[in-house]
Amino acid sequence: MSKKLVVANWKMHGNLVVNQQLITSYVQKLLPFKNIQVVVCVPYPYLAQAQLLLGQTDIAWGAQNLSKDIEGAYTGEVSVRMLKDFGATYVIIGHSERATAYCESDENIATKFMQAITHGLTPILCVGETLIEREAGVMERVVAKQIDTIIQMYGAGIFADTVISYEPIWAIGTGLAATPDQAQSMHEFIRNRISIHDKSAAQRLKILYGGSVNPQNAVQLFVMQDIDGGLVGRCSLNTDEFEGICRAASEISPS
Ligand code: 13P
């Protein structure tokens, strides 16, 4: 079992004052959990603040999106080089809240994934199905398509040392997390899908679960064979809850 990874996705929350308090208490409270990796993905304007406050700590920081282009006349976009300028080492890609609202295609997401890797950032690729798709029993087909687009464009080897986060859309922000069995089953499916093409990449890939992770359900989820940690939204905005989730990860993670 590899070291657990817990990623905070702040989404569009925070301001300079609140972030300062939150990050300062993250640093204090998460200090004992040395056997896990914690990452905080902040809104773009706060990358400099994250760099300033986290630079001397073991907590890494990153962004929640990036442009598929490197430079040019792309008003409002932020490139991978700009993220690196602020010390970001991770970036969330293809989150369903973006994919739906901003019509991101699987091809665009694949290009962003490649862009991150090429420039030395670890991408966290979000995949997952809607409730209708789950009820129709096509969730594996939906997730397979999201992954296969990347495999077809760049080959399965690209997944080595990257992160996929399985985030069933029906579980995000609803308080209704997937059961550990539902999550494990999809995580195993994802790993196998990549393993068919590249066994080593599949083993080196981390697969997180995201969607209403909280201190109460974290242990049961993280203990599952193919769940390498969590991508946490709401509970990452409360230090006590986030600490509870990190504690759960630390209890299971190899020391
Ligand atoms: P919640 O933890 O608020 O359900 O959000 C999950 C998520 O979207 C993380 O990216």
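Residues numbered from 1 in each chain as written. Predicted model: local features only at pLDDT ≥ 70, side-chain atom pairs only at ≥ 80, totals over all residues. Heavy atoms only, no water.

As for the site of the ligand
Stage number 1. Around the ligand, a shell composed of Asn-9, Lys-11, His-95, Glu-167, Ala-171, Ile-172, Gly-173, Gly-211, Ser-212, Leu-231, Gly-233 and Arg-234 is seen.
Stage number 2. At a separation of 3.0 Å, an oxygen atom of the ligand approaches a polar side-chain atom of Asn-9.
Stage number 3. In isolation the ligand has 310 Å² of accessible area, and contact with the protein removes 97% of it.
Stage number 4. Looking at side-chain class alone, the shell around the ligand contains 3 nonpolar, 6 polar and 3 charged residues. (Near = heavy atom within 4 Å. Polar contact = N/O pair within 3.5 Å; in protein donor to acceptor, adjacent residues only side chain to side chain. Areas by Shrake-Rupley, 256 points an atom, 1.4 Å probe, with all protein chains shown as cover. Nonpolar A, V, L, I, M, F, W, Y, C, P; charged D, E, K, R; others polar.)

Describing helix H7 (residues 139-154)
Stage number 1. Its 16 residues place the ends of H7 23 Å apart at the C-alpha level, agreeing with the 22 Å of an ideal helix rising 1.5 Å per residue.
Stage number 2. Among all positions of H7, only Met-139, Val-142, Val-143, Ala-144, Ile-147, Asp-148, Thr-149, Ile-150 and Ile-151 are buried.
Stage number 3. Those residues of H7 hidden inside the fold are in contact with helix H5 (106-118), strand E5 (122-127), helix H6 (131-135), strand E6 (163-166) and helix H8 (180-195). (Helix = DSSP H or I, 4+ residues; strand = E, 2+ residues; numbered from the N terminus. Expected span 1.5 Å × (residues − 1). Buried < 20%, exposed > 50% of the residue type's maximum accessible area, 1.4 Å probe, protein only. Contact = heavy atoms within 4.5 Å.)

Focus on the pairing of E6
Stage number 1. Residue alternation in E6 divides its side chains into two sets, Val-163 and Ser-165 and Ile-164 and Tyr-166, and both sets are buried.
Stage number 2. Pairing geometry for E5 and E6, over 4 bridges, is parallel. Bridged to Leu-125 within E6 is Ile-164. (Pairing = 2+ DSSP bridges.)

Concerning the sheet that holds strand E1 (residues 5-9)
Stage number 1. Taken in spatial order, the 8 strands close into a barrel running E1-E2-E3-E4-E5-E6-E7-E8, and their pairing is parallel. On average, adjacent strands in this sheet sit at an angle of 25 degrees to one another, irrespective of strand direction.
Stage number 2. Alignment of strand E7 (residues 206-210) against strand E8 (residues 229-232), held across 2 bridges, turns out to be parallel. When the sheet's bridge partners are listed, Gly-210 is paired in E8 with Leu-231. (Axes fitted to C-alpha atoms, helices over the stretch in contact; angles between N-to-C directions.)

A few points about the environment of Ile-158
Stage number 1. Looking at the secondary structure, you find Ile-158 in the loop between H7 and E6.
Stage number 2. In this structure Ile-158 comes out as buried when scored by relative accessible area, which is 12%.
Stage number 3. Once you skip the residues sitting within four places of it in the chain, Ile-158 turns out to touch Phe-113, Met-114, Ile-117 and Ile-150.

Some points on the pattern of salt bridges
Stage number 1. A complete count under the given rule lists 13 salt bridges for this structure.
Stage number 2. Residue Lys-145 is joined to Asp-106 by a salt bridge in which the shortest nitrogen-to-oxygen separation is 2.8 Å. Of this pair, Lys-145 sits in helix H7 while Asp-106 sits in helix H5, and the two are 39 residues apart along the sequence.
Stage number 3. On the accessibility criterion, Asp-106 (18% relative accessible area) is buried.
Stage number 4. Linking Arg-193 and Asp-148 is a salt bridge whose minimum nitrogen-to-oxygen distance equals 2.5 Å. Residue Arg-193 is found in helix H8, and its partner Asp-148 is found in helix H7; the two are separated by 45 residues along the sequence.
Stage number 5. Exposure remark for Asp-148: the relative accessible area of 16% places this residue in the buried category.
Stage number 6. In the salt-bridge network here, residues are joined through shared partners; they are Arg-98, Glu-104 and Lys-112. (Salt bridge = Lys/Arg side-chain N within 4 Å of Asp/Glu carboxyl O.)

Some details on the side chain of Asp-226
Stage number 1. With respect to the helices and strands, Asp-226 occurs in the loop between helix H10 (218-222) and E8.
Stage number 2. Judged by relative accessible area, which is 9%, Asp-226 ranks as buried.
Stage number 3. Every residue in contact with Asp-226, bar those within four places of it in the chain, is listed here: Gln-184, His-187, Glu-188, Arg-191 and Ile-207.

Quick notes on the packing of aromatic side chains
Stage number 1. Counted by the stated rule, this structure contains 4 aromatic pairs.
Stage number 2. Ring pairs connect the aromatic residues Trp-10, Tyr-26 and Phe-242, which therefore count as one cluster. (Phe/Tyr/Trp six-rings, centres within 6.5 Å; stacked < 30°, edge-to-face > 60°.)

A short note on the nonpolar core
Stage number 1. Judged by nonpolar contacts, the single largest core of 72 residues is most densely connected at Phe-159, Ile-190, Ile-194 and Phe-222.
Stage number 2. If near-sequence neighbours (up to four positions away) are discounted, Phe-222 is found in contact with Lys-4, Val-213, Ile-227, Gly-229, Gly-230, Ile-245, Ala-248, Ala-249 and Ile-252.
Stage number 3. Counting 12 residues, the second-largest nonpolar core is a separate cluster that includes Cys-41, Ile-124, Val-163 and Leu-231. (Core = buried A, V, L, I, M, F, W, Y, C linked by side-chain atoms within 4.5 Å.)

Side note on the environment of Arg-98
Stage number 1. Considering the arrangement of structural elements, one finds Arg-98 in helix H4 (residues 96-101).
Stage number 2. Between the C-alpha atom of Arg-98 and that of Gln-64, which follows or precedes it by 34 residues, the distance is 9.5 Å.

Side note on unusual backbone geometry
Stage number 1. Positive phi, close to 65 degrees, is recorded for Asp-161, a residue that is not glycine.
Stage number 2. Positionally, Asp-161 belongs in the loop between H7 and E6.
Stage number 3. We note that Ser-212 has phi near 60 degrees; this positive angle belongs to a residue other than glycine.
Stage number 4. Mapped onto the secondary structure, Ser-212 falls in the loop between E7 and H10.

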